[in-house]
Amino acid sequence: MQTNISARHGHLSTSTQERITEKVEKLNRYFDRLTAIQVTVNLEHRENPSVELKVSVEHSEALIA
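This report concerns the structure included in the present document. (Residues numbered from 1 in each chain as written. Predicted model: local features only at pLDDT ≥ 70, side-chain atom pairs only at ≥ 80, totals over all residues. Heavy atoms only, no water.)

## Details of the overall build of the protein
Helix and strand counts for the protein come out as one helix and four strands. Taken from N to C terminus, the helices and strands of the protein fall in the order β-α-β-β-β. The principal-axis extents of the C-alpha atoms in the protein amount to approximately 35 × 20 × 15 Å. Burial analysis of the protein (65 residues in total) assigns 18% to the buried set. In the protein, once contacts between residues fewer than 6 apart in sequence are set aside, the share between residues at least 24 apart is 43%. Looking at the protein as shown, the accessible area adds up to about 5000 Å², and 45% of this sits on carbon and sulfur atoms. (Helix = DSSP H or I, 4+ residues; strand = E, 2+ residues; numbered from the N terminus. Buried < 20%, exposed > 50% of the residue type's maximum accessible area, 1.4 Å probe, protein only. Contact = heavy atoms within 4.5 Å. Areas by Shrake-Rupley, 256 points an atom, 1.4 Å probe, with all protein chains shown as cover.)

Shown next as structure tokens:
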């Protein structure tokens, strides 16, 4: 499974990126055919950042949250 993490309007530290990777890898418990996860963190409002996940699953449409 490939995991890509990107940020808008700012930069994520290495420790934050590692923590995000740890969290999204837990999705394998629910879906065994994950092919890719794209995480986008919007840091426009630093006190309340928003996170978007786009999960690609084999033989299915992408899941977006």
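The discussion continues.
## Some words on the pairing of strand 3 (residues 50-57)
With eight bridges joining them, strand 2 (residues 34-42) and strand 3 adopt antiparallel strand pairing. Following the sheet pairing, Gln38 is matched in strand 3 by Lys54. As paired elements, strand 3 and strand 4 (residues 63-64) share two bridges and run antiparallel to each other. Bridge assignment links Lys54 to a residue of strand 4, and that residue is Ile64. (Pairing = 2+ DSSP bridges.)

## Describing a positive patch on the surface
Together, Arg19, Lys23, Lys26 and Arg29 make up a region of like positive charge exposed at the surface. Within the secondary structure, Lys23 sits in helix 1 (residues 14-25). (Patch = residues over 30% accessible without salt bridge, like charges linked within 9 Å, V, L, I, M, F, W, Y side chains within 5 Å. Salt bridge = Lys/Arg side-chain N within 4 Å of Asp/Glu carboxyl O. Lys, Arg positive; Asp, Glu negative; His and termini not counted. Charge placed at Lys NZ, Arg CZ, Asp CG, Glu CD.)

## Some details on the sheet that holds strand 4
As summarised here, the arrangement of the four strands in space is 1-2-3-4, forming an open sheet in which the pairing is mixed. The strands lining the two open edges of the sheet, one partner per strand, are strand 1 (2-8) and strand 4.

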